[in-house]
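# Remarks on the overall topology
Chain residues, written in single-letter form:
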Amino acid sequence: MLSVTDLTVSAGPRTSPIGIVRGVSLGVDQGEILCLVGESGCGKSMTSLALMGLLPPGARVSGGSVELDGHDITHLAPHRRVRAGRGKLAMVFQEPMTSLNPVTRIGWQIEEAVRVHDPDANPTDRARELLEMVRIPDAANQLSAYPHELSGGMRQRVMIAIALACRPRVLIADEPTTALDVTIQRQVLGIIRELCDDLDMGVIFITHDLGVVAQIADRVAVMYAGRLVETGAVAPLFRAPLHPYTERLMACLPDPAARSKGFATIPGSAPRPGEIPDGCAFAPRCPRAQDVCRGGEVPVVRPEGGRRALCHFPLAEGETA
Amino acid sequence: MGRYVIGRIGAAAATLFAASIVIFSFIHLIPGDPVSVMLGDAATPEQVAALRERMGLDEPIWVQYLVWAGNALQGDLGRSIFFETPVTQVIADGAETSILLALITMIWIVLFGIPVGILAAIRQGTWIDQGLSGLAMLLASVPTFWVGLYLILIFAAGLGWFPSSGYPSIFEGGGLANLQYLLLPSIALAAPNAALILRLTRASMLDVSREDFVRTARAKGIRPSRVVLRHILRNALLAVVSAFGFTFAALISEAVVTETVFALPGIGRTVVQSILRRDYPVIQGVILVTVCLYLVINLLVDLSYRLLDPRVEL
Ligand SMILES: Nc1ncnc2c1ncn2[C@@H]1O[C@H](COP(=O)(O)OP(=O)(O)O)[C@@H](O)[C@H]1O
Ligand SMILES: [Mg+2]
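Everything numeric in this text was worked out from a predicted model, so none of it was measured.

A few words now on the site of ligand 1. Residue and element names in this part refer to chain A. Ala 11, Ile 20, Ser 40, Gly 41, Cys 42, Gly 43, Lys 44, Ser 45, Met 46, Pro 56 and Pro 273 make up every residue found near ligand 1. Within the backbone of Met 46, a nitrogen or oxygen atom sits 2.8 Å from an oxygen atom of ligand 1. In isolation ligand 1 has 570 Å² of accessible area, and contact with the protein removes 66% of it. A class-by-class count of the residues in the shell around ligand 1 yields six nonpolar, four polar and one charged.

Encoded structure:
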């Protein structure tokens, strides 16, 4: 349904561009939640903004393509997608506190999206229906609330309602629960899972928290320094990670059920865009790295089961990095 | 709403009280005997004594203040020494000119400053933006009287399109056509203030356009013009509205200069002439009225700000 091929996002001058997203390929199907995980700064948000056509000034898609149901939407801004009948991607952002217009009522903000994507619907009825879908109690009255009158969890539900107003085929959620506390986080995750199943839409769920991945994902894509280093269905990937980075990330999980050995962190830090080494970007921090990792192309490993990893020395099952 | 408004009115009343003491005292801060200063050297002792008597200068000072303030509260600001008429009458005579000048100037400021500021913001970094921002910088930094003199030189003396001075009342023949007398003065008066509003609108639009909720609006797929007007501008105007109180204060002081340059029979020019004539009751009256007007305008600006921003509790 959504198919991203070799997406590249660059910033800086065109003569010496800095690669922020460096050749990402992924796909999402109906009713499926794909989790995009990786440390902060690895390019998750930039990838999602590139999919939406909402890159900030200074960053641009410099290669690859984004196709939705066979239509190329790579270089279309959202309003042009709507006009072309392809406005079927919607996004929920990380910061519920600042992502709603502070001076207008939330009903107005939802109706605005309804009018664009559902011109025949009664905007108020549809807005109320959307608030009910994200389980906001007393939806009819909440339509006239201002954002500052709502809690973070409620605002994030409103954000989801706005996204749903676009009748998306694929919903992109960029760390939608990172700013929320744990109980609220669990409720919002439940709502997203349910909507994904009920509306049969695809979801790209971005997080840096593998605990969240374990709760919600069908498939996982692990991102490091602007590349997907490993992708696969959630169960096999958790049971037997191929890439040492995936394995190290999981070793940092405090949850004992998820193979923990304490509160380890990965030594060193992820390279910033523009300072990414040749070869495997993880090599400087990788316990298994050898000379061959520090230059040239990294081979793709594709064991059975639709899994994929970029590594010279992938892990066998049960092995640690 | 009620409590806030009452609190603000109370604060305004306190300010007015403090201002009235300053305004009242200044007549006594004049070195020497105020009456001889007002009447000049040629005054006879009888005239001096009569005026002292009329102004109650022989009473204790706090009695003088209470009498003065009490009269002012009842709309009696004393009598002009020069015109021999009530000060309220002198102010009323200049009010039409000054109020119309202020209104037309405000219209220019809003009509020019805000839309052009928006244009500069949405064309940020292009030559349009650079040109407009340069123009705004220029206008904001040249004095009003200088703009006024150039407007007179070019459009009145040179091209002869508009009258260069005076203003016959629109109620005494001539009708609305007399507003053309106010065109050049209002442009001169508007120029620096519109330039400030332009720059503020532009900066505020650019600030808001970086906010997260603007990205949310774009993500909905609504037209970019709608994103600018309904989301960015709506929020950017909060900063612009709160600047109008300052703009009004600037207008008051610059109007004095403008009315003098264009020889307009307004309150500003009356004040200048009254200073030259040492007509202290008129000066006091005008300052008192101006302070009241300023307090009312600021109250209105505050209230409208609160209506525009639902986050502020009334
Ligand atoms: N407007 C921008 N121009 C250039 N580089 C940017 C811009 N915004 C973010 N970046 C860089 O892009 C990289 C990826 O950022 P981001 O996608 O936000 O990471 P993540 O969401 O994974 O934490 C960061 O290293 C950041 O420095
Ligand atoms: Mg991010």
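Further notes follow.
Counted under the stated rule, the structure contains eight aromatic pairs over all chains. Each ring, one from Tyr 224 of chain A and one from Phe 282 of chain A, has its centre 5.2 Å from the other, and the planes form 80 degrees; the classification is edge-to-face. Placement of Tyr 224 of chain A in strand β9 (residues 219–224) and of Phe 282 of chain A in the loop between α10 (244–251) and β11 (300–301) is noted, with a sequence separation of 58 residues between them. Judged by relative accessible area, Phe 282 of chain A falls into the buried class, the value being 1%. An aromatic cluster of three or more residues is present, and its members are Phe 17, Phe 24, Tyr 65 and Trp 68 of chain B.

Before going further, it helps to examine the nonpolar core. Among soluble globular proteins, nonpolar side chains are generally buried collectively. Leu 2, Ile 110, Leu 131 and Phe 205 of chain A are the most contacted members of the largest nonpolar core, which has 103 residues in total. Looking at which element gives the most residues to this core, the answer is helix α6 (residues 152–165) of chain A, with eight residues. Beyond its immediate stretch of four places on either side in the chain, Ile 110 of chain A contacts Ala 127, Leu 130, Leu 131, Val 158, Ala 161, Ile 162 and Ala 165 of chain A. If you look at the next biggest cluster of nonpolar residues, it comprises 51 residues, including Leu 139, Leu 189, Val 228 and Val 301 of chain B.

A few words on helix α10 (residues 224–261) of chain B. All names here are of chain B. Here α10 spans only 45 Å end to end across 38 residues, well under the 56 Å set by a 1.5 Å rise per residue. At Leu 233, α10 shows its strongest bend, of approximately 45 degrees. Ala 263 lies just past α10 and shows a positive phi near 50 degrees.

Once that is clear, we can look at the sheet that holds strand β5 (residues 71–72) of chain A. All names here are of chain A. Taken together, the four strands give an open sheet; going across it, the order is β2-β1-β4-β5, and neighbouring strands pair in antiparallel fashion. Two strands lie at the open edges of the sheet, namely β2 (18–28) and β5, each paired on one side alone. Direction of pairing for strand β1 (residues 2–11) relative to β2: antiparallel, over a ladder of eight bridges. Looking at β2, one finds that Leu 7 is bridged to Val 24. Sitting on the sheet, helix α1 (residues 44–52) is in contact with β1, β2 and β4 (59–68), with an inclination near 115 degrees to β1.

Here we take up the pattern of salt bridges. All names here are of chain A. Under the criterion given, the structure shown has 25 salt bridges over all chains. One salt bridge in this structure joins Asp 118 and Arg 126, with 3.2 Å as the shortest N-O distance. Residue Arg 126 is classed as buried on the basis of its relative accessible area of 7%. Arg 272 is the salt-bridge partner of Glu 275, the closest N and O atoms lying 3.3 Å from each other.

All names here are of chain B. A cluster of nonpolar residues, Phe 145, Trp 146, Leu 149, Tyr 150, Leu 153, Ile 154, Leu 159, Trp 161 and Val 257, forms a patch on the protein surface that exposes about 890 Å² of accessible area. The element contributing the most residues to the nonpolar patch is helix α7 (residues 144–158), with six residues. Position of Tyr 150 among the secondary structure elements: in helix α7. With relative accessibility at 42%, the residue Tyr 150 sits in the partly exposed group.

Turning our attention to the pairing of β1 of chain A. All names here are of chain A. The pairing of β1 with β4 spans eight bridges and is antiparallel. Counterpart to Thr 5 in the pairing with β4 is Ser 65. In sequence, β1 turns back onto β2 through a hairpin of six residues, with Gly 12 there showing a positive phi of about 80 degrees.

What follows concerns the sheet that holds strand β7 (residues 170–174) of chain A. Residue and element names in this part refer to chain A. Taking strand neighbours across the sheet as the criterion, the eight strands line up as β6-β7-β8-β3-β9-β10-β12-β11 in an open arrangement whose pairing is mixed. The open sheet has two edge strands, β6 (89–92) and β11, and neither has a second partner. The sheet contact formed by β7 and strand β8 (residues 202–207) spans five bridges and is parallel. Residue pairing in the sheet places Ile 172 in a bridge with Ile 204 of β8. Relative to the sheet, α6 contacts β6 and β7, its axis offset from that of β6 by approximately 175 degrees. Contacting β9 and β10 (227–233), α10 runs over the sheet at an angle of about 100 degrees to β9.

For the rest of this paragraph, the subject is the confidence of the model for chain B. All names here are of chain B. For chain B, the average pLDDT comes to 86, and 97% of its residues sit at 70 or higher. Ranking the helices and strands of chain B by mean pLDDT puts helix α9 (residues 212–219) first, with 96, and helix α2 (residues 34–39) last, with 72. Listed scores for the predicted complex are pTM 0.86 and ipTM 0.91.

What follows concerns the packing of helix α4 (residues 123–133) of chain A against α6 of chain A. All names here are of chain A. Taken N-terminus to C-terminus, the directions of α4 and α6 make an angle of 125 degrees; their axes are 9 Å apart at the nearest point. Overall, the two elements α4 and α6 adopt an arrangement that is oblique. Remark: the crossing between α4 and α6 carries right-handed chirality. Of the residues in α6, those touching α4 at Arg 126, Leu 130, Leu 131 and Met 133 are Val 158, Ala 161, Leu 164 and Ala 165. When grouped by side-chain class, the residues that make up the contact of α4 with α6 number seven nonpolar, no polar and one charged.

Below, the discussion takes up the interface of chain A and chain B. The partner chain B presents 21 residues to the 25 residues of chain A that form the contact. Roughly 2100 Å² of surface becomes buried between chain A and chain B when both sides are summed, with 62% attributable to carbon and sulfur atoms. Across the contact surface, chain A and chain B share two salt bridges. Between Arg 226 of chain B and Glu 112 of chain A there is a salt bridge whose closest N-O contact spans 2.7 Å. Between chain A and chain B we count twelve residue pairs in polar contact (both at pLDDT 80 or more) in total. Elements with a contribution of two residues or more to the side of chain A that touches chain B: α1, α2 (78–83), α3 (106–117) and α6 of chain A.

Calculation criteria
Residues numbered from 1 in each chain as written. Chains lettered and ligands numbered in written order. Predicted model: local features only at pLDDT ≥ 70, side-chain atom pairs only at ≥ 80, totals over all residues. Heavy atoms only, no water. Near = heavy atom within 4 Å. Polar contact = N/O pair within 3.5 Å; in protein donor to acceptor, adjacent residues only side chain to side chain. Areas by Shrake-Rupley, 256 points an atom, 1.4 Å probe, with all protein chains shown as cover. Nonpolar A, V, L, I, M, F, W, Y, C, P; charged D, E, K, R; others polar. Phe/Tyr/Trp six-rings, centres within 6.5 Å; stacked < 30°, edge-to-face > 60°. Helix = DSSP H or I, 4+ residues; strand = E, 2+ residues; numbered from the N terminus. Buried < 20%, exposed > 50% of the residue type's maximum accessible area, 1.4 Å probe, protein only. Core = buried A, V, L, I, M, F, W, Y, C linked by side-chain atoms within 4.5 Å. Contact = heavy atoms within 4.5 Å. Expected span 1.5 Å × (residues − 1). Bend = angle between axes of the 7 residues up to and from the residue. Pairing = 2+ DSSP bridges. Axes fitted to C-alpha atoms, helices over the stretch in contact; angles between N-to-C directions. Salt bridge = Lys/Arg side-chain N within 4 Å of Asp/Glu carboxyl O. Patch = residues over 30% accessible without salt bridge, like charges linked within 9 Å, V, L, I, M, F, W, Y side chains within 5 Å. pLDDT = per-residue confidence, 0-100. Parallel < 35°, antiparallel > 145°, perpendicular 65-115°, else oblique. Left-handed = near helix turned anticlockwise from the far one by under 90°. Buried area = accessible area lost by both parts, 1.4 Å probe.

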